[in-house]
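One-letter residues, chain by chain:
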Amino acid sequence: VQLVESGGGLAQAGGSLRLSCAASGRTFSRYAMGWFRQAPGKEREFVAAINWSETGTAYGDSVKGRFTISRDNAKNTVYLQMNSLKPEDTAVYYCAARQGRLIVTVRGYDLWGQGTQVTVSS
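Okay, so let's go over this structure. Keep in mind that this is a model prediction, so the values were computed, not measured.

1. Quick word on the sheet that holds strand S8 (residues 77-82)
Read from one edge to the other, the open sheet built from four strands follows the order S1-S3-S8-S7, with strand pairing classed as antiparallel. What marks the edges here is a single partner per strand, and that holds for strand S1 (3-6) and strand S7 (67-72). Between one strand axis and the next, the sheet turns by 15° as a mean value, whatever way the strands run. As paired elements, S7 and S8 share six bridges and run antiparallel to each other. Counted as the bridge partner of Asp72 is Thr77 from S8.

Structure follows, in structure tokens:
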């Protein structure tokens with residue numbers, strides 16, 4: 001499975017963006033998918049994850065109630081809808097995949113996209 005993110009860009013505080021992660025490979029539906037982000041000088045941080053059957057999701061505390069993860073297995077795509085954006089959401093956002101159940105740690109994901117920049121101005 002290869003992952004390619006898109007949808008990043010510049011937004012104003014309070015605005016919205018939707019990130020997409022397109023996956024190649026016929027076994028996409030077997031993978032749990034996650035979104036992570038990394039700001040300059042900071043460690044990579046868990047944002048959201050979804051299991052393969054869409055019956056379970058998890059969110060980082062800083063994005064709960066503002067971000068929503070979803071997936072469309074027919075399109076091999078996972079999405080991150082980001083609402084009520086804040087300047088502290090500014091980071092490179094990465095899509096990640098792993099076989100098995102969703103987890104919230106960076107180390108558990110073995111497939112990563114190249115990242116997409118999100119910048120939120122105040």
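2. Remarks on the nonpolar core
Formed by 27 residues in total, the largest nonpolar core has its most connected members in Met33, Trp35, Leu80, Met82 and Tyr93. Listed by contribution, the elements that provide at least two residues to this core are strand S3 (17-23), strand S4 (31-38), strand S5 (45-50), S7, S8, strand S9 (91-99) and strand S11 (116-121). Counting nine residues, the second largest nonpolar core, distinct from the first, contains Ala32, Leu102, Ile103 and Tyr109.

Criteria and thresholds
- Residues numbered from 1 in each chain as written.
- Predicted model: local features only at pLDDT ≥ 70, side-chain atom pairs only at ≥ 80, totals over all residues.
- Heavy atoms only, no water.
- Pairing = 2+ DSSP bridges.
- Helix = DSSP H or I, 4+ residues; strand = E, 2+ residues; numbered from the N terminus.
- Axes fitted to C-alpha atoms, helices over the stretch in contact; angles between N-to-C directions.
- Core = buried A, V, L, I, M, F, W, Y, C linked by side-chain atoms within 4.5 Å.
- Buried < 20%, exposed > 50% of the residue type's maximum accessible area, 1.4 Å probe, protein only.

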